[in-house]
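A look at the structure
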Amino acid sequence: VQLQASGGGLVQPGGSLRLSCEVSGRTYNYYVMGWFRQAPGKERSIVAAISRSGGTLYYADSVKGRFTISREDVKNMVYLQLNSLKSEGTAVYYCAADTTPYDVIAVLETSYEFWGQGTQVTVSS
């Protein structure tokens, strides 16, 4: 399974970005998907997650109401819409896949078997 994250860039505070994650390789079987981020000098932490069916979502408290995770399974894509970005949103954002057969969400890094390479988001004026 390969994950390719894209869509990062430089954005002003209050701006928006949409991150994309393309899943390829093994037959895409509606994996549990997550987005994580790692800011400079900090540990990687979960931002959002979506269950296999898309019916269950999770957001970190720091991004609730501003970020939206979604999936488009026919295209093997997962997205993270980032709105009202703040300077603390500056980080490398990673998408990850958990191949559990259950329709759940996962918030722990250790639950995810496959990771993308990360895409840099910089929020600065």
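Provided above is the structure to which this section pertains.
Report on the accompanying structure. (Residues numbered from 1 in each chain as written. Predicted model: local features only at pLDDT ≥ 70, side-chain atom pairs only at ≥ 80, totals over all residues. Heavy atoms only, no water.)

Another aspect to go through is the overall build of the protein. Within the protein, the secondary structure is distributed over 0 helices and 11 strands. Listing the helices and strands of the protein from first to last along the sequence gives β-β-β-β-β-β-β-β-β-β-β. Relative to a compact globule of 125 residues, whose C-alpha radius of gyration would be 14 Å, the protein shows 13 Å and is just as compact. With the principal axes as the frame, the protein shows a C-alpha extent of 40 × 25 × 25 Å. Taken across its 125 residues, the protein has 44% of its residues classed as buried. When contacts within the protein are restricted to residue pairs at least 6 apart in sequence, those whose partners lie at least 24 apart make up 60%. (Helix = DSSP H or I, 4+ residues; strand = E, 2+ residues; numbered from the N terminus. Rg over C-alpha atoms; globule rule 2.2 N^0.38 Å. Buried < 20%, exposed > 50% of the residue type's maximum accessible area, 1.4 Å probe, protein only. Contact = heavy atoms within 4.5 Å.)

By the element assignment, Thr-99 lies in the loop between β9 (91–98) and β10 (114–115). Given the relative accessible area of 25%, Thr-99 is considered partly exposed. The sequence separation of Thr-99 and Val-32 amounts to 67 residues, and the corresponding C-alpha distance is 6.4 Å.

Among the secondary structure elements, Thr-119 is positioned in strand β11 (residues 119–123). Judged by its relative accessible area of 9%, Thr-119 falls in the buried class. Separated by 32 residues in the primary sequence, Thr-119 and Ser-87 place their C-alpha atoms 16 Å from one another. Beyond its immediate stretch of four places on either side in the chain, Thr-119 contacts Ala-5, Ser-6, Gly-7, Gly-8, Leu-19, Ala-91, Val-92 and Tyr-93. Only 3.0 Å separates the side chain of Thr-119 from the backbone nitrogen of Gly-8, close enough to count as a polar contact. (Polar contact = N/O pair within 3.5 Å; in protein donor to acceptor, adjacent residues only side chain to side chain.)

For the rest of this paragraph, the subject is unusual backbone geometry. Positive phi outside glycine occurs at Asn-76, with the angle close to 55°. By the secondary structure assignment, Asn-76 is in the loop between β7 (67–72) and β8 (77–82). Asn-76 gets classed as partly exposed once you look at its relative accessible area, which sits at 25%. Positioned with a positive phi, Ser-84 is a non-glycine residue whose angle comes to about 50°.

That is the geometry; function is a separate question.
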